[in-house]
Every structure is written in C-alpha cells, then in structure tokens.
Amino acid sequence: NPKENFLFSKKLRNLKFPFHLETLKIKNSSLTYEEESATSANPGKLTFTNFNITASNLYSGYRRTSGAKTQINVNTKFMHQGDLVASWQFDIMDSQDRFNINGELKNFPAVAMNPFLKPYLRVQANGTIDRMSFNFSGNNSTATGDYAMNYKNLKMTLFNKENQERKLLSAAANMVVRTDTDGFKKVEIKPVERIKEKSFFNFLWQCIMQGLNQTVI
C-alpha cells in the first residue's frame, strides 16, 4: 500500500543496508512535531523542550532473522509546561510490529493542551492535570491498554468550524464532564484502530485522546 505510513520497527526492518547502534543519546534538545493534512484529525503542533532520549539496540533488518528488543527512554518538558517521562519498546524483527509504550505527565495546566485539542476536537480546556499516565500495547493495526488521570476544575469550551464558541453546547458539555477526579481515575481504553496513512505518533495520540474521553465524560 503506497499510502501506508509504516511503524518504526518495519521501517528499520526493511532497510537494505547493515546498520547497528548499540546506544544513542540526545541531551537538552528541542523537538517540534506537526502533521500536515487537509483534515483536522491531527495532533496539532506538539513541542518538547529539555528533550533527553536514550535509545538502545537500533539496527536494520538487513540479513537478520532476530535481534535484541529496542528500548527508548524519554525525559522532557511537554508543551513548555508539563514534566513527561516515557518508555517505548519494540522488536524490529517482529513482523506483527508489536510495541509497548508507557509514560507519565505531571503538573500540566489544561490550557496547555489547547494547541492540539482545538484543531482536533474544536475544544478548549481549562483546569489542572496533576498527573496523567498511560500504558499502551499494540501492533500495526490496533492498540489498547490503560490510561489514568487526576485533575481538578476541568472546564470545556466548544467551537464550530468558523472558530466561534458554541455556548449552548459548551454549557451542556460541562454538565456531563467530570470537573474533578476522585483520586487517580484509571480506565482501560477501548481498542483504537490505527490510521495506516499516519505516523506512530498519531496512533499514540489517538490512544491518549480515547483515554481522555473515557476519563472525563
């Protein structure tokens, strides 16, 4: 399928030359991620500062039948405000492209979500996310797992396509949104189907949005 955006494990597996890095480290860097699309089903612009990554066992599948699992650990500041740590594992030689990614975000003002909430859901949020964690496992097609969040004073504002506030719908939404969690609320997310034309990060974004939806509504 020429339109399919393969996961990293398959991209590395399909390289046609020998390549092997035992350890890769990036320190105190910055990263901006943005998808270009005619639709609004994007995670908007995501920024990571004080970006630190350690990756082990990065290699190509050239003339290989097996190899060690790839491990990637990230410690960064998300959207200039939240403290994010994440751990990502996959097996480059696994033809099903199975993976696990887990992480935790702390001290994150809900307004900092708006640069990617608004273009995706036409929603703005106010309030505080004290802690959010996720643990997702999946393959090239679907993912599931756990999502948990502790927040307070959460309020939503809805917009139409012309970027005008939908006041009645905003009022209705805030009647069903849980404004506060009773401690650390944990849910098992419904299976999320991967959009094959989009990247792994879009896949992760879809899982997080599914968890957010199940937690606050």
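Given the structure is predicted, the values throughout are model-derived calculations rather than measurements.

1. A word on the nonpolar core
Of all hydrophobic cores here, the largest spans 53 residues; its most connected members are F78, F99, F136 and Y147. At nine residues, helix 4 (residues 200-216) tops the list of elements feeding residues into this core. With near-sequence residues (within four places) excluded, F78 lies in contact with L46, T47, F48, L84, L105, F108 and F116.

2. Digging into empty space enclosed by the protein
The gaps left among the atoms become clear once a water-sized probe is rolled over them. If you walk through the whole model with that rule in mind, you get one cavity of 30 Å³ or more. Its volume calculated, the largest cavity comes out at about 50 Å³. Every residue along the wall of the largest cavity is listed here: L7, F8, S9, W88, F90, D97, R98, F99 and F200. The set of elements that each furnish at least two residues to the lining of the largest cavity consists of helix 1 (8-13) and strand 4 (82-90). Among the residues forming the lining of the largest cavity, the class breakdown is six nonpolar, one polar and two charged.

3. Remarks on the pairing of strand 4
Of all nine residues making up strand 4, seven are buried, and the element is well covered by its neighbours. In terms of strand pairing, strand 3 (residues 70-78) meets strand 4 through nine bridges, oriented antiparallel. Bridge assignment links T70 to a residue of strand 4, and that residue is F90. Hairpin remark: strand 3 followed by strand 4, antiparallel, with three residues in the connecting loop; positive phi at M79, about 55°.

4. Details of the pattern of salt bridges
Enumeration over the complete set of coordinates arrives at eight salt bridges. Of the charged contacts, one joins E4 and R194 as a salt bridge, the two residues approaching to 3.8 Å between their closest N and O atoms. Residue E4 is found in the segment before helix 1, and its partner R194 is found in the loop between strand 8 (185-193) and helix 4; the two are separated by 190 residues along the sequence. Here E4 matches R194 in class, with each residue buried. Two residues, D130 and K152, come together in a salt bridge whose shortest N-O distance is 3.0 Å. Here D130 is found in strand 6 (residues 123-138), whereas its partner K152 is found in strand 7 (residues 142-158), with 22 residues between them in sequence. Its relative accessible area of 27% is what places D130 among the partly exposed residues. The class of K152 is partly exposed, set by a relative accessible area of 34%.

5. Concerning the packing of aromatic side chains
Applying the stated criterion to the full structure yields 13 aromatic pairs. With a centroid separation of 5.1 Å and 85° between ring planes, the pair formed by F99 and F200 is classed as edge-to-face. Of this pair, F99 sits in strand 5 (residues 99-109) while F200 sits in helix 4; the two residues are 101 residues apart in sequence, bridging distant segments of the chain. By relative accessible area, F99 is classed as buried at 9%. Judged by relative accessible area, which is 4%, F200 ranks as buried. Three or more aromatic residues link up through ring pairs in this structure, and these residues are F8, Y33, W88, F90, F99, F200, F201 and F203. A cation over a ring is seen here: K11 above F8, with NZ or CZ 5.7 Å from the ring centre. Over the ring of F184 we find R131, and its NZ or CZ is 4.0 Å from the ring centre.

6. Remarks on unusual backbone geometry
Backbone geometry at R63 places phi at a positive 60°, although glycine is not the residue there. With respect to the helices, strands and loops of the structure, R63 is situated in the loop between strand 2 (45-59) and strand 3. Owing to a relative accessible area of 76%, R63 belongs among the exposed residues under this scheme.

The rules behind the values
- Residues numbered from 1 in each chain as written.
- Predicted model: local features only at pLDDT ≥ 70, side-chain atom pairs only at ≥ 80, totals over all residues.
- Heavy atoms only, no water.
- Core = buried A, V, L, I, M, F, W, Y, C linked by side-chain atoms within 4.5 Å.
- Buried < 20%, exposed > 50% of the residue type's maximum accessible area, 1.4 Å probe, protein only.
- Helix = DSSP H or I, 4+ residues; strand = E, 2+ residues; numbered from the N terminus.
- Contact = heavy atoms within 4.5 Å.
- 1 Å grid on protein atoms, 1.4 Å probe; cavity = no way out; pocket = protein on both sides within 12 Å on 5 of 7 lines; lining within 4 Å.
- Points joined across faces, edges and corners; volume = space filled by probe spheres on them.
- Nonpolar A, V, L, I, M, F, W, Y, C, P; charged D, E, K, R; others polar.
- Pairing = 2+ DSSP bridges.
- Salt bridge = Lys/Arg side-chain N within 4 Å of Asp/Glu carboxyl O.
- Phe/Tyr/Trp six-rings, centres within 6.5 Å; stacked < 30°, edge-to-face > 60°.
- Lys NZ or Arg CZ within 6 Å of the ring centre and 35° of its normal.

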